[in-house]
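# Observations on the three-dimensional arrangement
Below are the chains, spelled out letter by letter.
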Amino acid sequence: MLDRLQSLADRYEKLSELLCDPDVANDAKRLRDYSKEQSDLQPAYEAYTEYKQVIGELEAAKVMQAEKLDDEMREMVKLEIEELTARQQALEEKIRILLLPKDPNDDKNVIVEIRGAAGGDEAALFAADLYRMYTRYADSQGWRIELMDMNESDLGGFKEVIFMINGRGAYSKLKYESGAHRVQRIPATESGGRIHTSTSTVAVLPEVEDVDIEILDKDIRVDTFCSSGAGGQSVNTTKSAVRVTHIPTGIVATCQDGKSQNSNKEKALQVLRARIFDMKRQEEEAKYAGERKSKVGTGDRSERIRTYNFPQSRVTDHRIGLTMHKLDQVMNGEIEEIVSALTIAEQAELMEKGE
């Protein structure tokens, strides 16, 4: 571990030199790449620097302890050694986590797709609740939200809503949200007061650049149509809505949020790239289907990951057995406690596997 940390520290310091080089400063791409690499290394570099300082102080304290000291000084040195040993152990744990393999998509923006599934109108209403939950969480993180496409139900819910969240680290926090979200509550349309169970699905896809997934013009078909609102009614008379079909895979993406056809086409292509990338990623992961799955799940949108029980104000994440009795706060976007617990569970899984 120490050899690896020293290599990281050497690279960090080399990057500091490179970033001061006038040739690099005048090259926008190199400057951006080196700055990002150094930023990624900084937490491990700072932890290693502090670790070396603690080890040095601990060795000095042990040397002092071996000398002839009066009782008061010996007790002070003993307490210092205990404190430094605890700091050393805490730093070693922190460094082990920092050295775990990082998902290359963690820093990316995300495209979130929410769909009403089982439960008809109630599922669509819950999809709208999930949309509000994620947008409020994004606001709390200082991220920017961009609506890509929506298909409203007659009661004001969403049969489908697709939006982008722009913010560094968005994927690292939201990637665990992919799956089926189950709600248990009395629907507004229920006259008998019975509790119904409905589900909405969430898919969180990392934003994909042109260089990651190349889409050739000959491989896509672009159709235009009039934007529609709830119940399928037309909301404008110009064909600004765009549907893009990737012919080789059959994957389709639609955008009708903007009034500009060109803008809608570009947004639809963003979604299309993300869906093609996600399909390829799932195909790769399927090759290793025999391996033990992570505690936090596979990200498959058919996998039930969480239940929101309104009568008991209870939220349960089934992957890690986490139950919270603070449903109102969660639905208001306060999901950081859940996100942190899922992150810790994944880190523990990786450490257990010795990765």
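Calculation rules
- Residues numbered from 1 in each chain as written.
- Predicted model: local features only at pLDDT ≥ 70, side-chain atom pairs only at ≥ 80, totals over all residues.
- Heavy atoms only, no water.
- Salt bridge = Lys/Arg side-chain N within 4 Å of Asp/Glu carboxyl O.
- Helix = DSSP H or I, 4+ residues; strand = E, 2+ residues; numbered from the N terminus.
- Buried < 20%, exposed > 50% of the residue type's maximum accessible area, 1.4 Å probe, protein only.
- Pairing = 2+ DSSP bridges.
- Axes fitted to C-alpha atoms, helices over the stretch in contact; angles between N-to-C directions.
- Contact = heavy atoms within 4.5 Å.
- Phe/Tyr/Trp six-rings, centres within 6.5 Å; stacked < 30°, edge-to-face > 60°.
- Lys NZ or Arg CZ within 6 Å of the ring centre and 35° of its normal.

## Points about the pattern of salt bridges
Taken as a whole, this structure holds 26 salt bridges when the rule is applied. The partner of Asp107 in a salt bridge is Lys36, and the shortest N-O contact between them spans 3.4 Å. On the criterion of sequence distance, the pair formed by Asp107 in the loop between helix H4 (71-98) and strand S1 (110-116) and Lys36 in helix H3 (residues 28-65) is long-range, its members being 71 residues apart. Asp107 gets classed as partly exposed once you look at its relative accessible area, which sits at 22%. Taken together, the shared-partner salt bridges in this structure form one network comprising Lys36, Asp40, Asp107 and Arg168.

## Remarks on the pairing of strand S3 (residues 158-166)
Along S3, seven of the nine residues are buried, which leaves the element largely enclosed by surrounding structure. Bridge analysis of S1 against S3 gives six bridges, and the strand direction is antiparallel. The residue bridging Ile111 from the neighbouring strand is Met164, located in S3. Across eight bridges, strand S2 (residues 144-152) lies against S3 in antiparallel orientation. Residue pairing across strands places Glu152 opposite Phe158, the latter belonging to S3. Hairpin connection from S2 to S3: five residues lie between these consecutive antiparallel strands, with Gly156 at a positive phi of about 95°.

## Quick look at the sheet that holds S3
Read from one edge of the open sheet, eight strands run S2-S3-S1-S5-S4-S9-S10-S11, paired in mixed fashion. Each of the sheet's edge strands pairs with one partner strand only, and the pair in question is S2 and strand S11 (322-324). Averaged over all pairs of adjacent strands, the angle between strand axes in this sheet comes to 15°, irrespective of strand direction. Relative to strand S5 (residues 196-206), strand S4 (residues 179-185) is paired through seven bridges, and the arrangement is antiparallel. Bridge pairing in S5 links His181 to Ser200. Along the sheet, helix H9 (residues 336-352) makes contact with strand S9 (304-309), strand S10 (314-317) and S11, crossing S11 at roughly 170°.

## Points about the packing of aromatic side chains
Using the criterion set out here, one finds five aromatic pairs in the structure. Here the aromatic rings of Tyr131 and Phe163 are separated by 5.0 Å at their centres, their planes lie at 80°, and the arrangement is edge-to-face. Of this pair, Tyr131 sits in helix H5 (residues 121-140) while Phe163 sits in strand S3, placing them 32 residues apart in sequence. In this pair, the class of Tyr131 matches that of Phe163, namely buried. The rings of Tyr131, Phe158 and Phe163 are connected pair by pair, giving a single aromatic cluster. In this structure, Lys108 is placed above the aromatic ring of Phe277, and the distance from its NZ or CZ to the ring centre is 5.5 Å. Here Arg185 stacks its cationic end above the ring of Phe310, 4.8 Å away from the centre of that ring.

None of this, on its own, says anything about what the molecule does.
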